[in-house]
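Understanding the architecture of this molecule
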Amino acid sequence: MSTTIPLSDFNRNPSRATRLARLGSVTITDHGIPAFELRVLARPRLRTEMLVRAGVLTPPRIRTTEPLPDFNVDAAVARAIVTEIENEKAARDY
C-alpha cells in the first residue's frame, strides 16, 4: 500500500505518517510534487505486531502464557456478582 500526503500534513502530524509508513511507503509532496519518501527499514516480525504499531490493535497490559483460572462458579452467582459490581460503579459514578 502506498500513500501520498502533503508536506503540511506531515509537519502537523508526523506520528500519523510513521503509522502509515508501517503499512506501506508514504510519499510526501511539496506543492504537489513528490519530495520525500517515508518507509520502514525494519519490518515487524508478526502481523499482529504491525497492527499494534499502526494503532489498530491494543496490546495486552500483561503478557502471560498461563491459562485463566477456572473457579467453577455457577452462572447465576457470577451474574449476581457482576450486577453488584456494576451497581457499585454506578453509585460511585465511574
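Up top is the structure.
By size, the foremost hydrophobic cluster in this structure holds 6 residues: Ile5, Ala17, Leu20, Ala21, Val26 and Ile28. With residues near it in sequence (within four places) discarded, leucine 20 still touches Thr3, Ile5 and Val26.

Side chains on a regular strand alternate between the two faces of the sheet. Burial of the side chains of strand E1 (residues 3-6) is restricted to one face: Thr3 and Ile5 are buried, whereas none of Thr4 and Pro6 on the reverse face is. In the sheet, E1 pairs with strand E2 (residues 26-30) via 4 bridges, with the strands oriented parallel. Across the sheet, threonine 3 pairs through a bridge with valine 26, a residue of E2.

Before going further, it helps to examine a nonpolar patch on the surface. The grouping of Phe71, Val73, Val77, Ile81 and Ile85 at the surface amounts to a nonpolar patch, some 480 Å² of accessible area in total. Looking at the element boundaries, phenylalanine 71 is found in the loop between helix H3 (47-53) and helix H4 (75-92).

The next thing to look at is the pattern of salt bridges. Enumeration over the complete set of coordinates arrives at 2 salt bridges. Across the pair glutamate 37 and arginine 39 runs a salt bridge whose closest N-O atoms are separated by 3.5 Å. Taking relative accessible area as the criterion, glutamate 37 reaches 52% and is therefore assigned exposed.

Each value, and the rule that gives it
- Residues numbered from 1 in each chain as written.
- Predicted model: local features only at pLDDT ≥ 70, side-chain atom pairs only at ≥ 80, totals over all residues.
- Heavy atoms only, no water.
- Core = buried A, V, L, I, M, F, W, Y, C linked by side-chain atoms within 4.5 Å.
- Buried < 20%, exposed > 50% of the residue type's maximum accessible area, 1.4 Å probe, protein only.
- Contact = heavy atoms within 4.5 Å.
- Helix = DSSP H or I, 4+ residues; strand = E, 2+ residues; numbered from the N terminus.
- Pairing = 2+ DSSP bridges.
- Patch = residues over 30% accessible without salt bridge, like charges linked within 9 Å, V, L, I, M, F, W, Y side chains within 5 Å.
- Areas by Shrake-Rupley, 256 points an atom, 1.4 Å probe, with all protein chains shown as cover.
- Salt bridge = Lys/Arg side-chain N within 4 Å of Asp/Glu carboxyl O.

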